[in-house]
Amino acid sequence: MSTMDLQNQLFRMADPFAKALDLELVDIVCHGKGAGTVVLITLDKEGGIGIKECEGFHKSFSHALDLAELIPHAYRLEVSSPGLDRPLKRLKDYQRVVGKLLRVKVHEPNGGKGSCVGRLTTVSEEGVLLAVEQAKGSFQEIALKWNQIIGAKQEIEF
């Protein structure tokens, strides 16, 4: 089974456990091989998630995962919160951070890659609008379509 197939099966299996605990399943990543396999599950909830929620999910899901035998060898299950600088992947991730400062990696027209930093002002089915500071106090709104965006993270502001 490919890593992507395993991640998809784990997502389908883990999502009901997360929902039963009023948590959002953010991501599942598998890496390593054989007994060195690590399954990293990232959870969140409105207002943030604490260690007790991670432990509760780990206890209930690890037992079910062992019984399902999706992974036919030893593995390590890690459950964590996404952190402030988590990658934005889905539309609702972007909607959650409207008004926040983002660093966005983009495809450039000449085939290269670039990045820009701006305040997320709008999220739509077509893409996002960022207010990018041009000079002290002067902003330009930049429209990015989803197919232009390679990845994005919230910038931590002090």
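In case you missed it, the structure is sitting above this.
None of these values were measured; they are calculated from a predicted model. (Residues numbered from 1 in each chain as written. Predicted model: local features only at pLDDT ≥ 70, side-chain atom pairs only at ≥ 80, totals over all residues. Heavy atoms only, no water.)

Trainee: Before we move on, could you go through the side chain of Asp44 and cite the residues and values that matter?
Mentor: Note that Asp44 resides in strand β2 (residues 37–44). At 2.7 Å, the side chain of Asp44 and the side chain of Arg86 are in polar contact. The contacts of Asp44, once residues within four sequence positions are left out, are Leu23, Glu24, Val26, Ile49, Pro82 and Arg86. (Helix = DSSP H or I, 4+ residues; strand = E, 2+ residues; numbered from the N terminus. Polar contact = N/O pair within 3.5 Å; in protein donor to acceptor, adjacent residues only side chain to side chain. Contact = heavy atoms within 4.5 Å.)

Trainee: Explain the sheet that holds strand β1 (residues 24–31) residue by residue, including any values.
Mentor: If you trace the three strands from one edge of the open sheet to the other, you get β1-β2-β3, paired in mixed fashion. Edge strands, defined here as strands with exactly one partner in the open sheet, are β1 and β3 (75–80). Put simply, the sheet's adjacent strands are angled 15° from each other on average, direction ignored. The sheet contact formed by β2 and β3 spans six bridges and is parallel. By the bridge assignment, Val39 is partnered in β3 with Leu77. Running over the sheet, helix α1 (residues 3–20) touches β1 and β2 and is turned about 150° from β1. Against the sheet, helix α2 (residues 51–68) makes contact with β2 and β3, and its axis sits at roughly 150° relative to β3, the strand it touches most. (Pairing = 2+ DSSP bridges. Axes fitted to C-alpha atoms, helices over the stretch in contact; angles between N-to-C directions.)

Trainee: Explain the pattern of salt bridges to me, using residue names and the numbers behind them.
Mentor: Tallying each qualifying case throughout the model produces ten salt bridges. Notably, a salt bridge pairs Lys19 with Asp15, separated by 3.0 Å at the nearest N-O pair. With Lys19 and Asp15 both in helix α1 and four residues apart, the pair spans about one turn of that helix. Given a relative accessible area of 54%, Lys19 falls into the exposed group. Salt bridges sharing partners connect three or more residues here, namely Glu24, Arg90 and Lys92. (Salt bridge = Lys/Arg side-chain N within 4 Å of Asp/Glu carboxyl O. Buried < 20%, exposed > 50% of the residue type's maximum accessible area, 1.4 Å probe, protein only.)

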